Amino acid sequence: MFFFKGRRRRKLRGRPLRPVWIETLRRNLGFYARLPESDRAELHGHIRVFLDEKEFEGCGGLQLDDEIRVTVAAQACVLLLHRKTDYYPELRSILIYPSPYRASRDVADGSGVVHRRQDVRLGESWSHGTVVLAWDSVRRGAVNPVDGHNVVFHEFAHQLDSEDGRTDGAPILADRSHYSPWARILGDEFERLQQRRKGGRKSLLDHYGATNPAEFFAVATETFFENPGQLKKKHPQLYGQLAGYYRQDPAGWPGGNE
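Residues numbered from 1 in each chain as written. Predicted model: local features only at pLDDT ≥ 70, side-chain atom pairs only at ≥ 80, totals over all residues. Heavy atoms only, no water.

Student: Residue-level account of the overall build of the chain, with values.
Tutor: Within the chain, the regular secondary structure consists of 10 helices and six strands. Taking the principal axes of the C-alpha coordinates as reference, the chain spans close to 55 × 40 × 40 Å. Counting every position in the chain, which comprises 258 residues, the buried fraction comes to 48%. In the chain, the proportion of contacts linking residues at least 24 apart, taken out of those at least 6 apart, comes to 64%. Per element, the accessible surface of the chain, about 13,100 Å² overall, is 50% carbon and sulfur. For the chain, the centre of its 39 positive side-chain charges and the centre of its 34 negative side-chain charges are spaced 3 Å apart. (Helix = DSSP H or I, 4+ residues; strand = E, 2+ residues; numbered from the N terminus. Buried < 20%, exposed > 50% of the residue type's maximum accessible area, 1.4 Å probe, protein only. Contact = heavy atoms within 4.5 Å. Areas by Shrake-Rupley, 256 points an atom, 1.4 Å probe, with all protein chains shown as cover. Lys, Arg positive; Asp, Glu negative; His and termini not counted. Charge placed at Lys NZ, Arg CZ, Asp CG, Glu CD.)

Student: Go over the layout of surface pockets with me, naming the residues and quoting the values.
Tutor: By volume, the largest pocket is sized at about 760 Å³. Sorting the residues of the lining of the largest pocket by element identifies β4 (114-121), β5 (123-126), α5 (135-143), α6 (151-161) and α8 (213-226) as the ones contributing at least two each. Partitioned by chemical class, the residues of the lining of the largest pocket number seven nonpolar, 15 polar and 10 charged. Looking at the second largest pocket, its volume works out to about 420 Å³. At the level of secondary structure, the elements contributing two or more residues to the lining of the second largest pocket comprise α7 (179-198) and α10 (236-246). Among the elements that make up the lining of the second largest pocket, the one with the highest residue count is α10 (three residues). (1 Å grid on protein atoms, 1.4 Å probe; cavity = no way out; pocket = protein on both sides within 12 Å on 5 of 7 lines; lining within 4 Å. Points joined across faces, edges and corners; volume = space filled by probe spheres on them. Nonpolar A, V, L, I, M, F, W, Y, C, P; charged D, E, K, R; others polar.)

Student: Any chance you could break down the nonpolar core for me, citing the residues and the numbers?
Tutor: If you look at the biggest cluster of nonpolar residues, it comprises 67 residues, and the most contacted ones within it are Phe 50, Tyr 88, Ile 94, Phe 156, Leu 242 and Tyr 246. The greatest single-element share of this core, amounting to eight residues, is contributed by helix α4 (residues 66-78). Among residues more than four places away in sequence, those in contact with Phe 156 are Phe 50, Ala 76, Leu 79, Tyr 88, Leu 91, Ile 94 and Val 131. Membership of the second largest hydrophobic core comes to five residues, among which are Cys 59, Leu 95, Tyr 101 and Ala 103. (Core = buried A, V, L, I, M, F, W, Y, C linked by side-chain atoms within 4.5 Å.)

Student: An account of the packing of helix α3 (residues 37-53) against α4 is needed here, citing residue identities and associated values.
Tutor: Where α3 meets α4, the closest approach of the two axes is 9 Å, and the angle between their N-to-C directions is 120°. Two packed elements cross with a definite hand, and for α3 against α4 that hand is right-handed. Listed contacts from α4 to Leu 43, His 46, Ile 47, Phe 50 and Leu 51 of α3 are Arg 69, Val 70, Ala 73, Ala 74, Ala 76, Cys 77 and Val 78. Residues that form the contact of α3 with α4 fall into these classes: 10 nonpolar, one polar and one charged. (Axes fitted to C-alpha atoms, helices over the stretch in contact; angles between N-to-C directions. Left-handed = near helix turned anticlockwise from the far one by under 90°.)

Given below as structure tokens:
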């Protein structure tokens, strides 16, 4: 089974992208022009596999088209460059709403009484094979590659984080020896962000990352790809850990130090 899957994927990666898809990448992805040529070629192959293996579903009246699929797939696959990958093996479907959507969750108050609360969301990652996204937020985050916010990077970082069965800010690393510095550096940075949020101080990393270690990893991933030069300057150890994990150096891309 693994042999046939690998052979099918190799064939897909060898097929060129449709010209109209490449035009979508140029138009919708602000970072696309900054990618090294070899990375663009690798990205094209990953997009082919991703689109072949994942199901997309429009929600809330959204009519899906290739622009939406390619824009989402490209951003999800940027996180896979330069690494051995099984293409988010637990992920089966991507649900896309036209705009921020409402979702219910149960919250217990101080007395233990559970209340149903409605939240407005831009995206979410489920542990049982689904990512949910708001298309206008996807498009906005893709077009502006330096605003520090990218809902696809964020939610697919959660998918990577959960591949070991736990969404805890510690994805599967290449070697056991990498876990100790990862825990120390990301743990220290997480605590600093919590302190900055508590004190009402600004931070390069979005304060939402102070929610828990899983959200910190997702927010740090957004910042790594969206503001790499600033992250490398202000948080060099964190940048180093993310560069080692993703095997990329976006601060070295043209314009990456802006």
